[in-house]
Amino acid sequence: KSLHSQQLPHNFQTMAKEKIEGCHVCTLVTPGEPQVLLGKDKAFTYDFVFDIDSEQHHIYQACVYKLIEGCFEGYNATVFAYGQTGSGKTYTMGTGFDVSLTQQEQGIIPRAVHQLFEGIQNRKVRAQEAGTQPPEFKVSAQFLEVGDTLLFDLFK
Ligand SMILES: Nc1ncnc2c1ncn2[C@@H]1O[C@H](COP(=O)(O)OP(=O)(O)OP(=O)(O)O)[C@@H](O)[C@H]1O
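Each value, and the rule that gives it
- Residues numbered from 1 in each chain as written.
- Predicted model: local features only at pLDDT ≥ 70, side-chain atom pairs only at ≥ 80, totals over all residues.
- Heavy atoms only, no water.
- Helix = DSSP H or I, 4+ residues; strand = E, 2+ residues; numbered from the N terminus.
- Buried < 20%, exposed > 50% of the residue type's maximum accessible area, 1.4 Å probe, protein only.
- Contact = heavy atoms within 4.5 Å.
- Areas by Shrake-Rupley, 256 points an atom, 1.4 Å probe, with all protein chains shown as cover.
- UniProt positions renumbered as here; feature names shortened; annotations may be inferred.
- 1 Å grid on protein atoms, 1.4 Å probe; cavity = no way out; pocket = protein on both sides within 12 Å on 5 of 7 lines; lining within 4 Å.
- Near = heavy atom within 4 Å.
- Polar contact = N/O pair within 3.5 Å; in protein donor to acceptor, adjacent residues only side chain to side chain.
- Pairing = 2+ DSSP bridges.
- Points joined across faces, edges and corners; volume = space filled by probe spheres on them.
- Axes fitted to C-alpha atoms, helices over the stretch in contact; angles between N-to-C directions.
- Parallel < 35°, antiparallel > 145°, perpendicular 65-115°, else oblique.
- Left-handed = near helix turned anticlockwise from the far one by under 90°.
- Nonpolar A, V, L, I, M, F, W, Y, C, P; charged D, E, K, R; others polar.

**Observations regarding the overall build of the protein chain**
Then, number 1: For the protein chain, the helix and strand inventory stands at four helices and five strands.
Then, number 2: Helices (α) and strands (β) of the protein chain occur, in sequence order from the N terminus, as α-β-β-β-α-α-α-β-β.
Then, number 3: For the protein chain, with 156 residues in total, the buried portion stands at 14%.
Then, number 4: Once local pairs closer than 6 in sequence are excluded, the contacts in the protein chain between residues at least 24 apart make up 23%.
Then, number 5: Split by element, the accessible area of the protein chain, about 13700 Å² in all, is 55% carbon and sulfur.

Encoded structure:
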């Protein structure tokens, strides 16, 4: 059961686990540049870099939106999350079904599925309005887990 602030003693403040453990931020983003600084002398440049205050919709719009639109033009796309344990892969991809997650915190996969089906619907409606044959779409999904050298089909 979660505690509400009223139920806590007045001098008790909730603290993030990271604060309790004394963790600090060890990377910096160069302002206005897609670059991460690690420590004092290591700089890495990418197509996009998002700082700590970035929100899910930012990341989606910048990195994924165009890939889904590209599917309608016949392009293939891959979105791949890579990082050390606890770095936020599940959170960012949106496969963590935590009931306390808000709409704004929705990750990449639910946003991509929504965009895909909305795109299909829009194209069918447009064809109908134009009096042309509505296009047909086939969507298939797989949910796999890779563990070392093993592949698990999570739908089975
Ligand atoms: N950008 C973020 N904003 C707020 N909370 C976050 C963010 N990224 C991750 N978290 C939180 O940090 C914790 C660890 O994140 P997550 O489970 O996504 O990591 P992971 O990379 O998938 O880890 P693992 O490889 O161990 O599965 C979770 O409680 C998650 O809700």
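**Comments concerning the environment of leucine 37**
Then, number 1: Take leucine 37: it is sitting in strand β2 (residues 35-38).
Then, number 2: Leucine 37 gets classed as partly exposed once you look at its relative accessible area, which sits at 28%.
Then, number 3: Spatially, the C-alpha atom of leucine 37 lies 5.5 Å from that of threonine 27, the residues being ten residues apart in sequence.
Then, number 4: Excluding residues that lie within four positions of it along the chain, leucine 37 makes contacts with Cys26, Thr27, Leu28, Thr30, Lys42 and Ala43.

**Focus on the UniProt feature "binding site: ATP" (unreviewed entry) in the protein chain**
Then, number 1: Mapped onto this structure's residue numbering, the UniProt feature "binding site: ATP" (unreviewed entry) falls at Gly83, Gln84, Thr85, Gly86, Ser87, Gly88, Lys89 and Thr90. In this structure, the largest pocket is lined, among the annotated residues mentioned, by Gly83, Gln84, Thr85, Gly86, Ser87, Gly88 and Lys89.
Then, number 2: Its place among the elements puts glutamine 84 in the loop between α2 (56-71) and α3 (89-93).
Then, number 3: Note on placement: glycine 88 falls in the loop between α2 and α3.

**Structural notes on the site of the ligand**
Then, number 1: Taken together, Gln84, Thr85, Gly86, Ser87, Gly88, Lys89, Thr90 and Tyr91 make up all the residues around the ligand.
Then, number 2: At 2.4 Å, a side-chain N or O of threonine 85 approaches an oxygen atom of the ligand.
Then, number 3: Contact between the ligand and serine 87: an oxygen atom at 3.3 Å from a main-chain N or O atom of the residue.
Then, number 4: If the ligand stood free it would expose 630 Å²; the protein chains cover 48% of that surface.

**Remarks on the pairing of strand β3 (residues 42-45)**
Then, number 1: Pairing of β2 with β3, which is carried by four bridges, proceeds in the antiparallel orientation. What sits directly across from valine 36, in β3, is phenylalanine 44.

**A look at the layout of surface pockets**
Space left empty within the atom packing is revealed by a probe, the size of a water molecule, rolled over the atoms.
Then, number 1: Roughly 2100 Å³ of volume is contained in the largest pocket.
Then, number 2: As for the largest pocket, its lining consists of 42 residues, of which Phe50, Tyr82, Ser87, Gly88 and Thr92 are closest to the centre.
Then, number 3: Among the elements of the structure, β1 (27-29), β2, α2 and α3 are those that each provide at least two residues to the lining of the largest pocket.
Then, number 4: Ranked by residue count, the leading element in the lining of the largest pocket is α2, at five residues.

**Description of the sheet that holds β1**
Sheet strands pair via backbone hydrogen bonds, and the direction of the pair is either parallel or antiparallel.
Then, number 1: The three strands are arranged β1-β2-β3 in an open sheet whose pairing can be described as antiparallel. Only two strands of the sheet have a single partner each, and these edge strands are β1 and β3. Going across the sheet, the axis of each strand differs from the next one's by a mean of 25°, ignoring polarity.

**Regarding unusual backbone geometry**
Then, number 1: We note that aspartate 148 has phi near 55°; this positive angle belongs to a residue other than glycine.
Then, number 2: Looking at where aspartate 148 falls in the secondary structure, it is placed in the loop between β4 (144-147) and β5 (150-153).

**Some remarks on the packing of α2 against helix α4 (residues 108-129)**
Helices that pack against each other are described as a pair by the angle of their axes relative to one another and the distance between those axes.
Then, number 1: Taken N-terminus to C-terminus, the directions of α2 and α4 make an angle of 45°; their axes are 10 Å apart at the nearest point. The orientation of α2 with respect to α4, classified from their angle, is oblique. Taken as a pair, α2 and α4 cross one another with a handedness that is right-handed. For the pair α2 and α4, the contacting residues are Gln56, His57, Tyr60, Val64, Tyr65, Ile68 and Glu69 in the first and Ile108, Arg111, Ala112, Gln115, Leu116 and Arg123 in the second.
Then, number 2: Residues belonging to the contact of α2 with α4 are distributed by class as follows: seven nonpolar, three polar and three charged.

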